[in-house]
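Breakdown of the fold
This is what each chain is made of:
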Amino acid sequence: QVQLVESGGGLVQPGGSLRLSCAASGFTFSTNIMRWYRQAPGKDRELVATITSSGGSTNYADSVKGRFTISRDNAKNTVYLQMNSLKPEDTAMYYCQTWVWWGQGTQVTVSS
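In this text, all values refer to a predicted model and were calculated from it rather than measured experimentally.

Extensive coverage of strand E9 (residues 92-98) is indicated by the burial of six of its seven residues. Note that strand E4 (residues 34-39) and E9 share five bridges and pair antiparallel. By the bridge assignment, tryptophan 36 is partnered in E9 with cysteine 96. Note that E9 and strand E11 (residues 106-110) share three bridges and pair antiparallel. Of the residues in E11, the one forming a bridge with tyrosine 94 is threonine 106.

Written as structure tokens, this is what we have:
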């Protein structure tokens, strides 16, 4: 049974940082591209970041370039999203995703 379990969300002030984690199980993690998406209320789901199976290549949405970093630890079957210089517009539910599978999401709220 495939599971993607996100954690690390919360309430943070503008300019702050959070690190999201997504623990994967039930499939061969090290051979899969991993992605982070987000969805704010009333908005379309947005692809935030992508990382290749080896971690050797990453891509980011323009809205987060220079502030967010995606990484992975294949030994721990975990993908991360380090988010720095957070802005109120980063407020959303954040999901990790691969192939046809999605996690349940973790809420990030950026507010003073």
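Past the structure itself, the notes keep going.
The subject of this paragraph is the packing of aromatic side chains. Inspection of the entire model under this criterion finds four aromatic pairs. Geometrically, the ring pair formed by phenylalanine 27 and phenylalanine 29 is tilted, given 6.4 Å between the ring centres and 55° between the ring planes. Of the residues examined, phenylalanine 27 reaches a relative accessible area of 14% and is grouped as buried. Look at phenylalanine 29 and you get buried, because its relative accessible area is 2%. Arranged with centres 4.8 Å apart and planes meeting at 50°, the rings of tyrosine 37 and tryptophan 102 form a pair that is tilted.

A disulfide bridge is the covalent bond that connects two cysteines by way of their sulfur atoms. For the coordinates displayed, the defined rule picks out one disulfide. With a sulfur-sulfur separation of 1.9 Å, cysteine 22 is cross-linked through a disulfide to cysteine 96. Here cysteine 22 and cysteine 96 share a disulfide; its torsion about the S-S bond, 40°, makes the bridge right-handed. In this pair, cysteine 22 sits in strand E3 (residues 18-25) while cysteine 96 sits in strand E9, placing the two residues 74 residues apart along the sequence.

As a further point, take the pairing of strand E1 (residues 3-7). Going residue by residue along E1, you find Leu4 and Glu6 tucked away on one face and Gln3, Val5 and Ser7 left uncovered on the opposite face. Sheet topology note: the E1/E3 ladder contains five bridges and is antiparallel. Across the sheet, the residue bridging to leucine 4 is alanine 24, located in E3.

Now for the side chain of arginine 67. Within the element layout of this structure, arginine 67 appears in the loop between strand E6 (58-60) and strand E7 (68-73). Polar contacts involving the side chain of arginine 67 include one to the side chain of aspartate 90, which spans 2.7 Å. Apart from the residues lying within four places of it in its own chain, the contact partners of arginine 67 are Gln82, Met83, Asn84, Ser85, Leu86, Lys87 and Asp90.

Reading the values: rules and limits
- Residues numbered from 1 in each chain as written.
- Predicted model: local features only at pLDDT ≥ 70, side-chain atom pairs only at ≥ 80, totals over all residues.
- Heavy atoms only, no water.
- Buried < 20%, exposed > 50% of the residue type's maximum accessible area, 1.4 Å probe, protein only.
- Helix = DSSP H or I, 4+ residues; strand = E, 2+ residues; numbered from the N terminus.
- Pairing = 2+ DSSP bridges.
- Phe/Tyr/Trp six-rings, centres within 6.5 Å; stacked < 30°, edge-to-face > 60°.
- Disulfide = S-S within 2.5 Å.
- Polar contact = N/O pair within 3.5 Å; in protein donor to acceptor, adjacent residues only side chain to side chain.
- Contact = heavy atoms within 4.5 Å.

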